[in-house]
Each structure stands twice: as structure tokens, then as C-alpha cells.
Amino acid sequence: MKERILIVGSGAREHVIAAALARSPQKPELICFGSARNPGIDGLCKHYAVGKLTDVKTVSAFAREHSATLAVIGPEAPLAAGVVDALWAAGVPAVGPTQLLARIESSKGFARELLTKYGISGNPFYKRFDSMEGVRAALEELAGRHVIKDDGLAGGKGVKVWGDHLHSQEHSLEFCRELAAAGHPFVIEEKLEGEEFSLMSFSDGLCLRHMPVVQDHKRADNGDKGPNTGGMGTYTDANHSLPFLRESDVAEARAINERVAEALLEECGASYRGVLYGGFMATREGVKLIEYNARFGDPECLNLLTLLETDFVAVCRTIVEQMLSDVSVEFARKASVCKYVVPYGYPDEPRVGDEVELPKELPAGVTMYLGAVDVKNGELVATGSRTVAVVGVAETIAEAERMCEGVVQQIPGRFFHRADIGTAELIAKRVEHMKTVRS
């Protein structure tokens, strides 16, 4: 039977998902339900609808109308809203956790408490709050070195860190009061010292297949300055590790993901079928968990699905049928660098509606994915978030970065990017920092 696969979402993450599915020798038919009409995805799809991604009835009705045999969910919001539950109920198996299991991302407190309950390593000191009661004492206990996180989904922007965003006890209390007043539970955690990395694993609830580790760059500006964003770019290395990591760091992160999948099965009585994405910190005391996401990271998956060599349709099918142990998931032994082009003012007050001019041709080894764009009067325009992602793949990080930067420089207009992602200077800084931390 020919697969007809529904993709939910319309950003660059979903563009690379569509491209990876379209590469399959099975030649599936693709359909998409997105929040905007991304022409990069549209060009790969037979049917395309625009609507609210959290409208579970409309999404499932669209899947039934077009006889979808499988679905892949991109963003976190539809997962938290229960789109996967509705799709399974409609007879469409989905790559993505159910609403109950998606709490691993939609509630940071749930993720922390799961690790504690099942004795899984990786938790820093933390406390969860529904009100201001006990907040001052927790902040004093951490002696200033803390992170405050909105417990729910905040698009990667609901976190404030001591020393970066919070510069006094009163600043911290004020942020907590804002969250409490809005009815948002929040978590106060120990601020970790080290280097961040992402490990995503395909999971069918019984078996995990790990992807190469990636480093994301959240800050908007060169040198890790500026506000937090959804991620300005990422890189991977040809050995599927990162220059500042030890083999034991990667092994520890993999073990945590495996234990969490087991704990979710026991806690929720259901199998986690999708992508389990651990955001980790390598520290002097070992690997610590920053947070979990219940789907592909963006931009991390732009690197990873570009490097994926195994038939992605087969991977998705074995996930939903819980036969992932039957396939070996392989990635090219090459380095990759991804950089996002974003509108001036991003993320706080981004420009909207500027025309996007793309290079006519791309050199070998470079791929481009469209993000927050739409088509107006026949022209490609930016809609206010991360606009275009460019991925370079080569034998070394340095060469991948050079290729990526060369194409990014060809995109004119009122846009900017982080030129330092993947550069030798920034990586050397990471390596030196990790040496200092470990010593």
C-alpha cells in the first residue's frame, strides 16, 4: 500500500521533514496541515490546508478526508493539544506522543518529577511553584545562581537565567510574580555550569535509536549575546559527537533518554512513539538535564534529517508499529552547520512582510529550508519569525560553515544571522570553557 503521510506544521522543521519523506524510495504521497502556506512544503505535497494547528477536530478531519495512512507532527503545541490522540482515534497512526505523554515537554515540573520518582540521574536542584509561597526561600537557598522557567510551553522563550536576564533578587521575584499572576506554574532550578548539547532519539516506546548530538545557539547575536530565541543555528560533527564532549557524556545522555522512555511507559501506561529530545548540559558532575522536548528540535533536525541516510518513511512506520528494533538508523558521517536568517527585530519586535529573495542556485552540499514565510501577490514574504535556514554538509565543521555562510551572505534585505555559528573561534571557546569546567 502506498503511504499517504500527513505533516502537521509549516515551518523549516516541517520543510525538512517533508524533504526527508520525499527522498524515500517508497515515494509516498504527502499532505500538509499548516498554519501558513510554506511554498517549500507545498511543492512537495499533493494537498495542503491552512488552519489552527491545535484544532484537533479539523486536523483529524483533514487526515480522514485525504485518507492519510500515517502522520508526522512537527511543533509542540498540537502535541500538547491532543492532535495525536485524535489522529489515532481516526485510524491514522502518528509519529508523536499523545497528550498525556507530551507532558514531558508541556510541563517542566512533570519532567523533573519523573526523573526524581524513577531514580533517573540528571536532575539539578529544583522546586516547582503554583504561587509565591516559598519562592523567596528557594531563591535564597540557591544564593543567586538560579534559572526560572515557565512550567508550560513558551516557544523556547519562557526561561530567565541569573546573570543573563536576572541581575538581582528583586528581578527574580518580579518575574516569578508575573508568572504567578498569569496563573502559570513555574520551576526554580539550580543554574548549571558547562556546555549545552541536544540528543534526540527515535522511540517506539520499547526501543530507542539515537541520533547524532547537536549544539544549538539560542542567543540572537554573535558571541552568545542578545535575547533568547527559538534557536539561531546548530552544528554537528562527523563523528556524531561534539568537540567538547567525551564519549561518556554521550553515553550518559543516551542512558537518560532510554530510562525516561521506560519511566513514561510505567507512569502513563502508554508507549512513547515519536522523537524524545533531551536538552543536556555537560558539567563537572556529569550530564545534567536542562529540559525535554516531545518532538524534533528546530533547528537541530535541519542538520539531522539532512544527514539521515535510512529511509525516513520506514523509520516512521516502524515507530508507530513498535518495530523500531528491526531497523538500523544511519546518518552520514559528515559534519553540518545550520544558520537561520531572521528579520530585523527578531525575536522581540520582528519586521513582518519584507520580501525574501533567495539565491537562484545552491552549491553542492548546501540545502535551504523555508521557515516563517508566506506567499503574497506571488512574492515570498517573511511573516516575523525565523525565515530561511541554510544547511551546509562537508567533511569538517569548518568546511560546512564556510559553505553555509557563503549562501547566507547571498540573501539580501532587512534580515540578520549569527555569522559565528560553527566557526573555529566559537568552537575553541566552547572547548576551552569545558576544560575549565572539568578542572
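Scroll up for the structure.
Residues numbered from 1 in each chain as written. Predicted model: local features only at pLDDT ≥ 70, side-chain atom pairs only at ≥ 80, totals over all residues. Heavy atoms only, no water.

A. Region of the structure containing the packing of aromatic side chains. Considering all chains together, one arrives at seven aromatic pairs under this definition. On the numbers, 6.3 Å between centres and 45° between planes, the contact of Phe202 with Phe312 is tilted. Taken as a pair, Phe202 in strand E10 (residues 195–203) and Phe312 in helix H12 (residues 312–320) lie far apart in primary sequence, 110 residues in all. Of the two residues, Phe202 and Phe312, neither departs from the other in class, the shared state being buried. Clustering of aromatic rings is evident, with ring pairs tying together Phe197, Phe280 and Tyr292. If you follow Arg103 out to its NZ or CZ, it ends over the ring of Phe110, 4.1 Å from the centre. The ring of Phe175 is capped by Lys160, whose NZ or CZ atom sits 4.7 Å from the centre of that ring. (Phe/Tyr/Trp six-rings, centres within 6.5 Å; stacked < 30°, edge-to-face > 60°. Helix = DSSP H or I, 4+ residues; strand = E, 2+ residues; numbered from the N terminus. Buried < 20%, exposed > 50% of the residue type's maximum accessible area, 1.4 Å probe, protein only. Lys NZ or Arg CZ within 6 Å of the ring centre and 35° of its normal.)

B. Highlighting helix H13 (residues 397–408). The terminal C-alpha atoms of H13, which comprises twelve residues, lie 16 Å apart, in line with the 16 Å expected from a rise of 1.5 Å per residue. Check the buried side of H13 and you find it contacts strand E15 (233–236), strand E18 (335–343), strand E19 (366–370), strand E22 (388–394) and helix H14 (424–438). (Expected span 1.5 Å × (residues − 1). Contact = heavy atoms within 4.5 Å.)

C. Spatial organisation of the sheet that holds strand E9 (residues 186–190). Strand order in this open sheet of four strands is E6-E9-E7-E8, and the pairing throughout is antiparallel. Strands at the two margins of the open sheet, each flanked by one partner only, are strand E6 (126–129) and strand E8 (159–161). For this sheet, the mean inter-axis angle between neighbouring strands, taken without regard to orientation, is 15°. Where strand E7 (residues 146–150) meets E8, three bridges bridge the pair, whose relative direction is antiparallel. Each residue of the ladder has a partner; that of Val147, found in E8, is Val161. Of the strands in this sheet, E6, E7 and E9 touch helix H7 (residues 108–117), which is tilted by about 135° from E6. (Pairing = 2+ DSSP bridges. Axes fitted to C-alpha atoms, helices over the stretch in contact; angles between N-to-C directions.)

D. Inspection of the side chain of Asn257 at higher detail. Among the secondary structure elements, Asn257 is positioned in helix H10 (residues 247–268). By relative accessible area, Asn257 is classed as buried at 0%. Side-chain polar atoms of Asn257 contact the backbone oxygen of Leu199, separated by 3.3 Å. When neighbours within four sequence positions are excluded, Asn257 is seen to be in contact with Leu199, Ser201, Leu208, His210, Leu276, Gly278, Phe280 and Tyr292. (Polar contact = N/O pair within 3.5 Å; in protein donor to acceptor, adjacent residues only side chain to side chain.)

E. Structural context of the pattern of salt bridges. Throughout the structure, instances matching the rule amount to 31 salt bridges. Note that Asp130 and Arg128 form a salt bridge whose closest N and O atoms lie 3.3 Å from each other. Linking Glu321 and Arg317 is a salt bridge whose minimum nitrogen-to-oxygen distance equals 3.3 Å. With a relative accessible area of 42%, Glu321 lands in the partly exposed category. A relative accessible area of 18% places Arg317 in the buried class. Each member of the salt-bridge network shares a partner with another, and the members are Glu195, Asp224, Arg418, Asp420 and Arg430. (Salt bridge = Lys/Arg side-chain N within 4 Å of Asp/Glu carboxyl O.)

F. Just the environment of Thr229, in detail. Examined against the element boundaries, Thr229 turns out to sit in the loop between strand E14 (225–228) and E15. Sequence spacing of Thr229 and Asp348 is 119 residues, and the spatial spacing of their C-alpha atoms is 9.0 Å. Here the side chain of Thr229 touches Lys218 through a polar contact of 2.6 Å, landing on its backbone oxygen. Polar contacts involving the side chain of Thr229 include one to the main-chain amide nitrogen of Gly231, which spans 2.9 Å.

G. Region of interest: the sheet that holds strand E3 (residues 47–50). Spatial ordering of the open sheet is given by E3-E2-E1-E4-E5, a layout of five strands whose pairing is parallel. Pairing within the sheet leaves two strands with one partner each, and these edge strands are E3 and strand E5 (94–95). In this structure, strand E2 (residues 29–34) lies alongside E3, joined through four bridges in parallel fashion. Bridging from a neighbouring strand, Gly34 pairs with Val50 of E3. Of the strands in this sheet, strand E1 (4–8), E2 and strand E4 (70–73) touch helix H1 (residues 12–22), which is tilted by about 165° from E1.

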